[in-house]
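# Report on the structure
If you want the building blocks of each chain, they are given just below.
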Amino acid sequence: MTENESQRAARTGEIMKAFAAIVTNGLILLIGSAAKEYRDEIVSTMDPMTRLVINLQPQSADFEDARDEETDLRVAVHRQVPEEFLSDVRQHVLNLVVCDADFSKQMAKQVTEMLAPGGCWIILNTSSAADLTDQNLLSAYQCLNLGPCLLLVKKAATQSAVRRGGRRARLAGQA
């Protein structure tokens, strides 16, 4: 690993710590081997009531290592295709999702549906929102380029502006 890559990894680790600390009594999902690399940083700042789920590809060599080293009861490791895994756990609400830039449109849609309003999606190994091709996906998020990764914060569902009693109050001289 070059010095530049190690600085980038350290900066990404600091970002992971900051966003993991924000999640209280929630669910954090790491998808893939690249995201799993930041497991220690996330666990070190995680709230005691927060759960961490790591989803690895079935053919991933990291799976056996991850299962042997897990002693924290807040952490679970699953070995399944990400789209299938997300389909199986679709009833859960996610607060933070971390994955590599190589993901399918189906997975993006599933994450968007499961992520809580205000929830964060961190995409590793990308430097611009231009890498995300689906504009419908981008419209559901506020995007911020953090350098080594891209941060997407899910927008809250907009509610229609309904004025109740505005005219009546003005006529009564109260407004």
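Just above sits the structure.
For clarity, every value in this text was computed on a predicted model and none was experimentally measured. (Residues numbered from 1 in each chain as written. Predicted model: local features only at pLDDT ≥ 70, side-chain atom pairs only at ≥ 80, totals over all residues. Heavy atoms only, no water.)

Quick look at the sheet that holds strand E7 (residues 149-154) now. Read from one edge of the open sheet, 7 strands run E3-E2-E1-E4-E5-E7-E6, paired in mixed fashion. Edge positions in the sheet fall to strand E3 (75-79) and strand E6 (141-145), since each of these pairs with one other strand and no more. Averaged over all pairs of adjacent strands, the angle between strand axes in this sheet comes to 15°, irrespective of strand direction. Relative to E7, strand E5 (residues 115-124) is paired through 5 bridges, and the arrangement is antiparallel. Each bridged residue has a counterpart across the sheet, and for Leu 124 the counterpart in E7 is Cys 149. Contacts from helix H6 (residues 105-114) reach strand E1 (27-31), strand E4 (94-100), E5, E6 and E7 within the one sheet, and its direction differs from that of E5 by about 145°. (Pairing = 2+ DSSP bridges. Helix = DSSP H or I, 4+ residues; strand = E, 2+ residues; numbered from the N terminus. Axes fitted to C-alpha atoms, helices over the stretch in contact; angles between N-to-C directions. Contact = heavy atoms within 4.5 Å.)

By the secondary structure assignment, Ile 28 is in strand E1. Ignoring any residue separated from it by four or fewer positions in sequence, one finds Ile 28 in contact with Ala 20, Val 23, Ile 42, Met 46, Thr 50, Arg 51, Leu 52, Val 53 and Leu 96.

Next up on the list: the pairing of E5. In terms of burial, E5 is largely enclosed, as 8 of its 10 residues are buried. As paired strands, E4 and E5 are joined by 6 bridges and run parallel to one another. By the bridge assignment, Asp 100 is partnered in E5 with Leu 124. Handedness of the E4-H6-E5 crossover: right-handed. (Buried < 20%, exposed > 50% of the residue type's maximum accessible area, 1.4 Å probe, protein only. Right-handed = clockwise from strand over helix to strand, strands pointing away.)

For the structure shown, the criterion picks out 2 aromatic pairs. Through a chain of ring-to-ring contacts, the aromatic side chains of Phe 103, Trp 121 and Tyr 141 assemble into a single cluster. (Phe/Tyr/Trp six-rings, centres within 6.5 Å; stacked < 30°, edge-to-face > 60°.)

Turning to the pattern of salt bridges, a few remarks are in order. Opposite charge on two side chains permits pairing when their charged atoms draw close. Inspection of the entire model under this criterion finds 4 salt bridges. Here Lys 17 makes a salt bridge to Glu 14, at a shortest N to O gap of 3.8 Å. You can see Lys 17 and its partner Glu 14 sitting in helix H1 (residues 3-22), 3 residues apart, about one turn around the helix. The partner of Arg 39 in a salt bridge is Asp 40, with the nearest N and O atoms 2.5 Å apart. Given the relative accessible area of 9%, Arg 39 is considered buried. We classify Asp 40 as exposed; its relative accessible area is 52%. (Salt bridge = Lys/Arg side-chain N within 4 Å of Asp/Glu carboxyl O.)

What follows covers the pairing of E6. Taken together, the 5 bridges between E6 and E7 define a ladder with antiparallel strand orientation. Directly across from Tyr 141, in E7, lies its bridge partner Lys 154. The hairpin turn running from E6 into E7, its antiparallel successor, is 3 residues long, and Gly 147 in that turn takes a positive phi close to 95°.

Here we take up unusual backbone geometry. At Asn 25, a residue that is not glycine, the phi angle is positive and equals roughly 50°. Locating Asn 25 in the fold gives a position in the loop between H1 and E1. Relative accessible area serves as the criterion here: at 58%, Asn 25 is assigned to the exposed category.

Right, let's get into the side chain of Thr 112. On the secondary structure map, Thr 112 appears in helix H6. For Thr 112, a relative accessible area of 14% corresponds to the buried category.

Before going further, it helps to spend a moment on the nonpolar core. The biggest cluster of nonpolar side chains holds 25 residues, and the ones touching the most others in it are Ile 28, Leu 52 and Ile 122. For this core, the elements supplying multiple residues, two or more each, are H1, E1, helix H3 (39-45), strand E2 (51-56), E3, E4, E5 and E7. Ranked by the residues each element gives to this core, the list is headed by H1, at 4 residues. For Leu 52, the residues in contact, after removing those within four places along its chain, are Ile 28, Leu 30, Arg 39, Ile 42, Val 43, Met 46, Arg 74, Val 75 and Ala 76. With 22 residues, the next largest nonpolar core counts Leu 29, Val 111, Leu 137 and Tyr 141 among its residues. (Core = buried A, V, L, I, M, F, W, Y, C linked by side-chain atoms within 4.5 Å.)

Note that every value here comes from positions in space, so none of it alone points to a role or purpose.
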